[in-house]
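# Survey of secondary and tertiary structure
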Amino acid sequence: VLAGFDTPTVVGPPDRLGLGRRSVASFRVPEHTTRAVTELARCSHTTVSTVLQGAFATLLMWLTGQHDVAFGTVVSGRPAEVVGVESIIGLLINTVPVRATITPSTTATDLLDQLQNGHNHTLEHQHLALSDIHRITGHERLFDTVFVYENYPTDAAALSGADGLAITGLTNRDYYHYPLAIQAVPGHELELRVQYRADVFDAAVIEALIERLQRVLVTMTGEPTQPLSSMDLDDREEHTLFAQAPTASVSAPGCHTNGDGYRAPATMVEQILAGIWAEVLGVDRVGVDESFFDLGGDSLSAMRAVAAMNTAFDLKLAVTALFDAPSVRSFSRQLGRNGSSVEDVPAVSPISDL
């Protein structure tokens with residue numbers, strides 16, 4: 001299943017221990033979309049879990065720019081052929097990789113077939129430890145995101161009644177060390193619980209990701225035979241979050257230069273913008289005419305950068321603003337059009353809070 005998988009699908013920093021502040025957020029998938037997901041699963045002879053995995057794989061493709069992606073999922077470790085397996089006491093779960101390859105012609109139907117076939121081919125091997133899978137595939141890691149369908153039997157009414165006791169509510173608590181983990185809980189409205197590293201994502205970024213995941217679900221269920229590459233994740237008349245990044249803007253006259261093409265920031269606003277971009281992108285310096293995306297920026301880093309800049313300048317710019325103005329100089333001019341001035345800028349960049 002993982003033959004030829006060359007590039008791990010990673011959205012977080014390179015550290016392996018998952019250290020850092022963590023946060024949790026919950027979202028609801030509207031009832032009509034939840035019903036559509038169930039109907040698509042039925043028509044495709046698969047499960048709701050597989051449909052949700054397909055949507056998450058599509059989101060990862062846009063998020064990372066990779067068309068061959070992997071993420072983790074948690075399996076029960078209770079094979080149906082073992083008599084009495086449902087009564088065994090013990091934590092038998094295991095985390096295994098799911099791979100999805102999405103080409104320009106791949107439709108939602110194709111993707112669900114692909115995921116279902118991959119599940120069928122690996123079902124009897126789901127006991128294999130993830131460390132062994134890493135060793136076999138020759139990768140130190142394959143992914144750093146997890147999508148889990150939590151189908152625990154949580155009917156409080158059905159569990160009540162013994163000795164006059166009643167169960168009035170159930171709460172599940174668990175912990176993932178990955179920078180991004182999404183748990184889908186079934187119901188009239190699917191609940192999406194998101195655990196994330198607060199030093200990698202902030203609340204606004206997570207909300208944007210889940211909003212786009214829901215748009216993927218709407219498109220998949222509404223047009224399952226249309227290529228996923230034609231999917232529009234933004235219904236507004238502006239660049240989509242995951243559109244092709246524009247090229248660097250034309251250099252403006254009068255910029256300071258050191259002779260090697262690098263033009264240094266000339267104003268306090270430009271200095272703060274360049275500092276935020278350098279921190280997000282992990283580079284030493286950013287010239288005012290260099291494109292954020294030419295320097296290695298992608299959709300995820302764009303969300304982090306815009307979140308930091310919104311905090312610095314007390315604005316509520318959409319992520320698409322960075323696609324419209326991909327250089328420090330053009331973004332600074334855009335801030336000017338939004339009414340920001342040097343006086344509005346704090347002395348310290350807020351990037352350390354991301």
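All values derive from a computational prediction rather than experimental measurement.

Rules used throughout
- Residues numbered from 1 in each chain as written.
- Predicted model: local features only at pLDDT ≥ 70, side-chain atom pairs only at ≥ 80, totals over all residues.
- Heavy atoms only, no water.
- Helix = DSSP H or I, 4+ residues; strand = E, 2+ residues; numbered from the N terminus.
- Contact = heavy atoms within 4.5 Å.
- Areas by Shrake-Rupley, 256 points an atom, 1.4 Å probe, with all protein chains shown as cover.
- Axes fitted to C-alpha atoms, helices over the stretch in contact; angles between N-to-C directions.
- Left-handed = near helix turned anticlockwise from the far one by under 90°.
- Salt bridge = Lys/Arg side-chain N within 4 Å of Asp/Glu carboxyl O.
- Buried < 20%, exposed > 50% of the residue type's maximum accessible area, 1.4 Å probe, protein only.
- Phe/Tyr/Trp six-rings, centres within 6.5 Å; stacked < 30°, edge-to-face > 60°.
- Core = buried A, V, L, I, M, F, W, Y, C linked by side-chain atoms within 4.5 Å.
- pLDDT = per-residue confidence, 0-100.
- Arc of directions from axis to C-beta.
- Parallel < 35°, antiparallel > 145°, perpendicular 65-115°, else oblique.
- Expected span 1.5 Å × (residues − 1).

## So, the overall build of the protein chain
Scanning the protein chain for helices and strands turns up ten helices and eight strands. Relative to all contacts within the protein chain whose residues are 6 or more apart in sequence, the contacts with residues 24 or more apart total 71%. Counting only carbon and sulfur atoms, one obtains 52% of the accessible surface of the protein chain, whose full area is about 18,200 Å².

## Structural notes on the packing of helix H7 (residues 268-281) against helix H8 (residues 299-313)
Between H7 and H8, the least distance of the axes is 10 Å, while the angle of their chain directions is 145°. Considering the relative orientation of H7 and H8, their crossing is right-handed. Along the contact surface, H7 presents Val269, Ile272, Leu273, Ile276, Trp277, Val280 and Leu281, while H8 presents Ser301, Arg304, Ala305, Ala308, Met309, Ala312 and Phe313.

## Considering the pattern of salt bridges
Tallied over the full model, the rule gives ten salt bridges. Across the pair Arg135 and Asp132 runs a salt bridge whose closest N-O atoms are separated by 3.6 Å. Of the two residues, Arg135 and Asp132 both sit in helix H4 (residues 130-137), three residues apart, roughly one turn of that helix. Under the relative-accessibility criterion, Asp132 is labelled partly exposed at 27%. We note a salt bridge from Asp289 to Arg263, for which the minimum N-O separation is 3.4 Å. Here the residue Asp289 occupies a position in the loop between H7 and H8, and Arg263 occupies one in strand S8 (residues 263-264), the gap between them amounting to 26 residues. By sharing partners, the salt bridges in this structure join Arg263, Glu270, Asp289 and Arg329 into a single network.

## Description of the packing of aromatic side chains
For the structure shown, the criterion picks out seven aromatic pairs. Residues Phe56 and Phe71 carry aromatic rings whose centres are separated by 5.2 Å and whose planes lie at 90° to one another, so their mutual orientation is edge-to-face. Residue Phe56 is located in helix H2 (residues 48-64), and its partner Phe71 is located in strand S2 (residues 68-75); the two are separated by 15 residues in the primary sequence. The buried category is assigned to Phe71, whose relative accessible area is 0%. Relative to Phe323, the ring of Phe293 has its centre 4.7 Å away and its plane inclined at 25°; by these criteria the two rings are stacked. One end of the pair, Phe293, is in the loop between H7 and H8; the other, Phe323, is in helix H9 (residues 320-324), and 30 residues separate them in sequence.

## Here we look at the nonpolar core
Grouped together as the largest cluster of nonpolar side chains are 80 residues, with contacts concentrated most on Phe201, Ile206, Met220, Trp277 and Phe331. Ranked by residues supplied to this core, first place goes to H2 with eleven residues. The residues touching Phe331, leaving out its near neighbours within four places in the chain, are Leu273, Trp277, Met309, Leu317, Ala321, Leu322 and Ala325. If you look at the next biggest cluster of nonpolar residues, it comprises 13 residues, including Phe5, Ala70, Ile133 and Val148.

## Quick word on the confidence of the model for the protein chain
Confidence along the protein chain averages 81 in pLDDT terms, with 82% of residues attaining 70 or more. Segment residues 234-259: pLDDT under 50, and 61 contacts once partners within four positions in sequence are set aside and those in other chains are kept. A low-confidence stretch, residues 340-354 stays under pLDDT 50, and its non-local contacts, those more than four residues away or across chains, total 31 contacts.

## So, H4
If you check which residues of H4 are buried, you get Leu130, Ile133 and His134. Summarising the axial view, the buried residues of H4 lie within an arc of 100°, below the 170-degree limit, and thus occupy one face. When the buried face of H4 is taken as reference, the exposed residues oriented beyond 90 degrees from it are Ser131, Arg135 and Ile136. One or two residues past the end of H4 sits Gly138, with phi positive at roughly 80°.

## Notes on the packing of helix H1 (residues 31-43) against H2
The interhelical angle for the contact between H1 and H2, taken along N-to-C directions, is 110°, at an axis separation of 8 Å. Taken together, the axes of H1 and H2 lie roughly perpendicular to each other. Where H1 approaches H2, its residues Val37, Thr38, Leu40 and Ala41 are matched on the opposing element by Val48, Val51 and Leu52.

## Comments concerning helix H6 (residues 203-222)
End to end, H6 covers 29 Å across 20 residues, agreeing with the expected 28 Å (1.5 Å per residue, within 8%). If you check which residues of H6 are buried, you get Val205, Ile206, Ala208, Leu209, Ile210, Arg212, Leu213, Gln214, Arg215, Val216, Leu217 and Met220.

## Observations concerning the environment of Leu281
Within the fold, Leu281 resides in helix H7. For the pair formed by Leu281 and Phe293, sequence separation is twelve residues and the distance between their alpha carbons is 9.5 Å. Residues in contact with Leu281, not counting those within four places in the same chain, are Phe292, Leu295, Gly296, Gly297 and Ser301.

## As for the side chain of Thr145
Following the sequence through the fold, Thr145 ends up in strand S4 (residues 145-149). Relative accessible area serves as the criterion here: at 0%, Thr145 is assigned to the buried category. Once residues within four sequence positions are removed from consideration, Thr145 is found in contact with Val11, Phe56, Leu60, Ala70, Phe71, Gly72, Tyr178 and Leu180.

## Points about the environment of Trp277
Within the fold, Trp277 resides in helix H7. On a C-alpha basis, the gap between Trp277 and Ser301 in space is 8.9 Å, while along the polypeptide they are 24 residues apart.

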